[in-house]
Amino acid sequence: MTSSPIKNICVYGAGALGGAIAAKLASSKESQTKISVVARGTHLEAIRAGGISLWEADADSPIVAQMIATSDSGELPTQDLVITGLKGHQLGEAAPGIAKLLHSGTRVVMILNGVPWWYFHRDSQTGYAEHQIEELDPNGDLWRLIGPERVIGCVAYQGAEVVAPGEVKLANNGHFILGEPSGETTGDIEAIAALLQRAGVNVSISSRIRDDIWSKLMGNAAFNPISALTRGLMSDIMEDPALAAMVGQVMSEVKAVAEALGSHIAMSVEERLERSRQIGPVRTSMLQDLLAGKALEITPLVGVVVSLGKLVNIPTPVSTTILALVTQLDRKNQQGAE
């Protein structure tokens, strides 16, 4: 959509992943590019006062990057590129704010775990092209105000955590996968990938971004809710034979739904389980949110696996049970936070 140089970039939701990308972009040599972030609370105040301090994995000192920071996107000019760092359950509420940043050529890179709201846009595999997933976009605001035609999908393999207001720590040297919903390698995606790479972000382009979405979801659909229910680290879960078996069952269900929708996941469940045993004492994002009293990202990670399973007649009994349990946990957790 955009053929002009990318001069204005806004990271909407500058938490852990968004903050890390904003810091890298703002500290890069792209002198003509203006970086802004939309954030809130004490994190926003800290960014305004001293920028974002980004601790890369094993670094002795942080990257400190200054940028424009606001809680109101209406204070910013329209952008050539918007990168969202929000979780799936936060996007609907943010849609009007994101829409204020858009001009006719703006592209929107959405870093999301789980199945995204735009999933069936230009999908040629399933016969469900342009089908809208209501529970991911209940009022249709994302589809109407942002538009799936602007979106570039993004799958992130990057451990990150906001360790203090204005301070982000990376757990590893991560990797981001970008993909057009159509599978095309467009000029837009090449330009965006190149810009991110120059800023030190490890990026690749995929022609089958849905495969990448499901491949990551195999892990997230299992580990996130089970870690929240047990308060366990990934290593704790994998050391318990019963929980490890449950992880495998969820992975099998996710893989079956993905394949029924025309996606291909190269790694077997057994291979994925073995890889998971090597990850170590990691606290999942859902467990981080639970301990912080925040709403949990349930629907994109678990709920949609169940609903899409029904759509393609794939049973998901273990995921259905976990969905009920973690929904109840989230309800009680939110009541306690009030």
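All figures in this text were calculated on a predicted structure; none of them were measured in a lab.

Novice: Any chance you could explain the packing of aromatic side chains here in plain terms?
Specialist: Ring pairs (aromatic) are described by centroid distance and by the angle formed between their planes. One pass over the full model with this rule turns up 4 aromatic pairs. Centre to centre, the rings of Y119 and W214 are 6.2 Å apart; their planes meet at 85°, and the pair counts as edge-to-face. Separated by 95 residues along the polypeptide, Y119 in the loop between β7 (102–111) and α4 (141–146) and W214 in helix α6 (residues 209–230) bring together distant segments of the chain. Each member of the pair, Y119 together with W214, is buried. An aromatic cluster is present here, built from Y119, F120, Y128 and W214 joined pairwise through their rings. Lying across the ring of Y119, R210 places its NZ or CZ 5.5 Å from the centre.

Novice: What is the right way to look at the UniProt feature "domain: Ketopantoate reductase N-terminal" (unreviewed entry) in the protein in this model?
Specialist: Following the UniProt record, one finds the feature "domain: Ketopantoate reductase N-terminal" (unreviewed entry) at residues 9–181. A distance of 21 Å separates the end C-alpha atoms of residues 9–181, which is 23% helix and 32% strand.

Novice: I tried to follow the pairing of strand β9 (residues 160–164) on my own but got confused; where do I start?
Specialist: On any regular strand, side chains alternate: one points to one face of the sheet, the next to the other face. Summarising the sheet, β9 and strand β10 (residues 167–170) pair through 4 bridges and their orientation is antiparallel. In the sheet register, A164 faces β10, and the bridge partner there is E167. Counting the residues in the hairpin turn of β9 and β10 gives 2 residues, including G166, whose phi is positive at 80°.

Novice: Just to check I follow, could you spell out the packing of α6 against helix α9 (residues 269–276) for this structure?
Specialist: For any two helices packed against each other, one specifies the crossing angle of their axes together with the interaxial distance. Interhelical geometry of α6 versus α9 gives an angle of 65° and a closest axis separation of 11 Å. Taken as a pair, α6 and α9 cross one another with a handedness that is right-handed. Where α6 approaches α9, its residues S215, K216, M218, G219 and F223 are matched on the opposing element by V269, R272 and S276. In terms of residue class, the contact of α6 with α9 is made up of 3 nonpolar, 3 polar and 2 charged.

Novice: Explanation requested: helix α5 (residues 187–198) in the structure shown.
Specialist: Two residues of an α-helix separated by three or four positions point the same way, owing to the 3.6 residues in each turn. Its 12 residues place the ends of α5 17 Å apart at the C-alpha level, agreeing with the 16 Å of an ideal helix rising 1.5 Å per residue. Just downstream of α5, G200 is the residue with a positive phi angle, here 90°.

Novice: Just to check I follow, could you spell out the UniProt feature "domain: Ketopantoate reductase C-terminal" (unreviewed entry) in the protein for this structure?
Specialist: UniProt feature "domain: Ketopantoate reductase C-terminal" (unreviewed entry): in the numbering of this structure it lies at residues 209–328. Counting secondary structure, residues 209–328 comes out at 73% helix and 0% strand; the distance between its end C-alpha atoms is 32 Å.

Novice: Just checking my understanding: could you explain the environment of T186 for this structure?
Specialist: Following the sequence through the fold, T186 ends up in the loop between β11 (175–179) and α5. A polar contact is formed between the side chain of T186 and the backbone nitrogen of I189, at a distance of 3.2 Å.

Novice: Explain the sheet that holds β11 to me, please; I cannot follow it from the model alone.
Specialist: Pairing between sheet strands relies on hydrogen bonds along the backbone, with the strands arranged either parallel or antiparallel. Taken together, 8 strands build an open sheet; the order of strands is β5-β2-β1-β6-β7-β8-β11-β12 and the sheet is mixed. With partners counted over all chains shown, the strands left at the sheet margins are β5 (68–70) and β12 (203–205), one partner each. Neighbour to neighbour, the strand axes of the sheet diverge by 25° on average, direction disregarded. Here strand β2 (residues 34–38) pairs with β5 via 3 bridges, running parallel. When the sheet's bridge partners are listed, V37 is paired in β5 with A69. The sheet contacts of helix α1 (residues 16–26) involve β1 (8–12), β2, β6 (79–84), β7, β8 (151–157) and β11, and relative to β2 the element is tilted by about 160°.

Reading the values: the criteria
Residues numbered from 1 in each chain as written. Predicted model: local features only at pLDDT ≥ 70, side-chain atom pairs only at ≥ 80, totals over all residues. Heavy atoms only, no water. Phe/Tyr/Trp six-rings, centres within 6.5 Å; stacked < 30°, edge-to-face > 60°. Helix = DSSP H or I, 4+ residues; strand = E, 2+ residues; numbered from the N terminus. Buried < 20%, exposed > 50% of the residue type's maximum accessible area, 1.4 Å probe, protein only. Lys NZ or Arg CZ within 6 Å of the ring centre and 35° of its normal. UniProt positions renumbered as here; feature names shortened; annotations may be inferred. Pairing = 2+ DSSP bridges. Axes fitted to C-alpha atoms, helices over the stretch in contact; angles between N-to-C directions. Left-handed = near helix turned anticlockwise from the far one by under 90°. Contact = heavy atoms within 4.5 Å. Nonpolar A, V, L, I, M, F, W, Y, C, P; charged D, E, K, R; others polar. Expected span 1.5 Å × (residues − 1). Polar contact = N/O pair within 3.5 Å; in protein donor to acceptor, adjacent residues only side chain to side chain.

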